[in-house]
Amino acid sequence: MQSLLRVDHLSITFSSDAGRHTAVDDLSFSIAPGETLALVGESGSGKSVTALAILRLLDPRANVTGSIWFREEDWLKLPERDMVARRGRDAAMVFQEPMTALNPVMSIGKQIAEGIRIHQRDLSRAAVRQRAIEALESVSIPEPRRRFDDYPHQFSGGQRQRILIAMALANRPSLLIADEPTTALDVTVQAQILDLLRELKQRSNAALLFISHDLSVVAQIAQRVAVMRKGKIVEMATCAQLFANPQHPYTRSLLAAVPTMHSDRNAPLAATEIPTAALESPLVEIATDHWTRAAE
Ligand SMILES: Nc1ncnc2c1ncn2[C@@H]1O[C@H](COP(=O)(O)OP(=O)(O)OP(=O)(O)O)[C@@H](O)[C@H]1O
Ligand SMILES: [Mg+2]
């Protein structure tokens, strides 16, 4: 199938007085329309910088190479003014921290309306307001008309995350990127947000790039999973394959760290416990749609 997004040989480096740091190293993956792909990996593996690079939201000091094909366009080659027209409309993001992603001194209704107005300049004020209210309704915020003028602190953590999702989906993007959308939430609310994302995805048929460090969360939502380690994909497969037949030592260690009813949580492997070859060897397709790096 034709992919919606194809990240091709993406590398991201940061330069500072301390030297050059490679955050993402030759990363390639694609997402089909309507598909959910999860990026999984420990803190610092390069998940968020990948997401930010796709929307061209990285710090301008970041050095980004490779291509980010969205349909027929390489977004890394677009002038900023064209990117502004696509960001939020073709692809939108739900950020990692709901409290910092929302402006604390602006009502939530106004924040959603602003995002709609950027892309729908011909809509009247009343029509924009109506669209914003519908967006709040779609994520099950009770009494959205009454709550339109309330500020972020007047909502619970789970509701704030719903508001961010409403904001991201208000322009009906074909790709939604959700960066750890449930990490800050307790388990019950986490499950509700996952249900919501699944339901909204089904209704809108948007593709979803779902970022998490938690394989047990990923198992509930993704069709395919890419496991990242130090800016590289070490294994990529359908969710079913990855859980049934994990190949890479790092994937296995992440799976061993998933708590079950019968086991205690083991910590994932430390960097020194994974053979260098397992990060340096090429990604090869060992079965249909199942890619991994050889461990030795
Ligand atoms: N603006 C920046 N300047 C320099 N280095 C950065 C910058 N942003 C990110 N990095 C580095 O890039 C690497 C990847 O960071 P990233 O935020 O993508 O990790 P992550 O996988 O999202 O982790 P987490 O699970 O903690 O969110 C890290 O080593 C980080 O320190
Ligand atoms: Mg992150």
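Not measured: the values here are computed from a predicted model. (Residues numbered from 1 in each chain as written. Chains lettered and ligands numbered in written order. Predicted model: local features only at pLDDT ≥ 70, side-chain atom pairs only at ≥ 80, totals over all residues. Heavy atoms only, no water.)

J.: Before we go on, may I ask you to explain the overall build of the protein in this structure?
T.: Of the regular secondary structure elements, the protein holds 12 helices and 12 strands. The C-alpha radius of gyration of the protein comes to 20 Å, within 12% of the 19 Å expected for a compact globule of 296 residues. For the protein, the C-alpha atoms occupy an extent of roughly 65 × 50 × 45 Å along the three principal directions. Taking all 296 residues of the protein together, 50% fall into the buried category. (Helix = DSSP H or I, 4+ residues; strand = E, 2+ residues; numbered from the N terminus. Rg over C-alpha atoms; globule rule 2.2 N^0.38 Å. Buried < 20%, exposed > 50% of the residue type's maximum accessible area, 1.4 Å probe, protein only.)

J.: Looking at this structure, how should I read the site of ligand 1?
T.: Taken together, 14 residues form the shell around ligand 1, and within it Ser43, Gly44, Lys47, Ser48 and Val49 come nearest. Backbone polar atom of Gly44 to an oxygen atom of ligand 1: 2.8 Å apart, as the coordinates give it. The separation between an oxygen atom of ligand 1 and a polar main-chain atom of Ser45 is 3.2 Å. Look at ligand 1: alone it shows 640 Å² of surface, and the protein chains cover 65% of it. For the shell around ligand 1, the secondary-structure elements that each account for two or more residues are β2 (19–31) and α1 (47–54). Residue contributions to the shell around ligand 1 peak at 3 residues, all from α1. Tallied by class, residues from the shell around ligand 1 come to 3 nonpolar, 7 polar and 4 charged. (Near = heavy atom within 4 Å. Polar contact = N/O pair within 3.5 Å; in protein donor to acceptor, adjacent residues only side chain to side chain. Areas by Shrake-Rupley, 256 points an atom, 1.4 Å probe, with all protein chains shown as cover. Nonpolar A, V, L, I, M, F, W, Y, C, P; charged D, E, K, R; others polar.)

J.: I'm lost on the packing of aromatic side chains in this one. Help?
T.: For any pair of aromatic rings, the description rests on two quantities: the centre-to-centre distance and the angle between the ring planes. All chains considered together, the criterion is met by 1 aromatic pair. Ring centres of Phe70 and Trp75 lie 4.5 Å apart, and the angle between their planes is 15°; this geometry places the pair in the stacked category. No difference in accessibility class separates Phe70 from Trp75, as the two residues are buried. Sitting over the ring of Phe148, Arg129 keeps its end group 4.0 Å from the ring centre. It is Arg147 that lies over the ring of Phe155; its NZ or CZ is 4.0 Å from the centre. (Phe/Tyr/Trp six-rings, centres within 6.5 Å; stacked < 30°, edge-to-face > 60°. Lys NZ or Arg CZ within 6 Å of the ring centre and 35° of its normal.)

J.: What am I meant to see in the nonpolar core here?
T.: When a protein is soluble and globular, its nonpolar side chains tend to lie buried together. Counting residues in hydrophobic clusters, the biggest one holds 54 residues, and the most contacted among them are Ile112, Ile163, Ile165, Phe210, Leu215, Val218 and Val225. If you count residues domain by domain, this core takes at least three from each of domain 1 (5–90 + 174–293) and domain 2 (104–172). Excluding its chain neighbours within four sequence positions, the residues that come into contact with Ile112 are Ala132, Ala135, Leu136, Ile163, Ala166, Met167 and Ala170. Counting residues in hydrophobic clusters, the runner-up holds 35 residues, among them Leu5, Leu10, Ala91 and Leu175. (Core = buried A, V, L, I, M, F, W, Y, C linked by side-chain atoms within 4.5 Å. Domains from an automatic or database assignment. Contact = heavy atoms within 4.5 Å.)

J.: Would you explain the environment of Thr276 in this entry?
T.: Checked against the element boundaries, Thr276 lands in the loop between α11 (249–256) and α12 (277–280). Judged by its relative accessible area of 57%, Thr276 falls in the exposed class. Each C-alpha atom, one on Thr276 and one on Ala222, is 29 Å from the other, the two residues being 54 residues apart in sequence.

J.: What should I look at first to understand the sheet that holds strand β10 (residues 232–238) in this one?
T.: Each strand in a sheet pairs with its neighbour through backbone hydrogen bonds, running either in the same direction (parallel) or in the opposite one (antiparallel). Strand order in this open sheet of 8 strands is β6-β7-β8-β3-β9-β10-β12-β11, and the pairing throughout is mixed. Lying at the two open borders of the sheet, with one neighbouring strand each, are β6 (91–94) and β11 (283–287). Neighbour-to-neighbour, the strand axes of this sheet turn through a mean angle of 20°, independent of strand direction. Sheet strands touched by helix α7 (residues 157–169): β6 and β7 (175–179). Its angle to β6, the strand with the most contacts, is close to 170°. (Pairing = 2+ DSSP bridges. Axes fitted to C-alpha atoms, helices over the stretch in contact; angles between N-to-C directions.)

J.: I keep staring at the pattern of salt bridges and nothing clicks. Help me out?
T.: A pair can form between side chains of opposite charge whenever their charged atoms are brought close. A full pass over the atoms with the stated rule returns 16 salt bridges. Arg56 serves as the salt-bridge partner of Glu80, at 3.6 Å between the closest nitrogen and oxygen. Residue Glu80 is found in helix α2 (residues 80–86), and its partner Arg56 is found in the loop between α1 and β4 (62–70); the two are separated by 24 residues along the sequence. Here Arg61 and Asp59 are joined by a salt bridge, their closest N and O atoms 2.9 Å apart. Look at Asp59 and you get partly exposed, because its relative accessible area is 32%. (Salt bridge = Lys/Arg side-chain N within 4 Å of Asp/Glu carboxyl O.)

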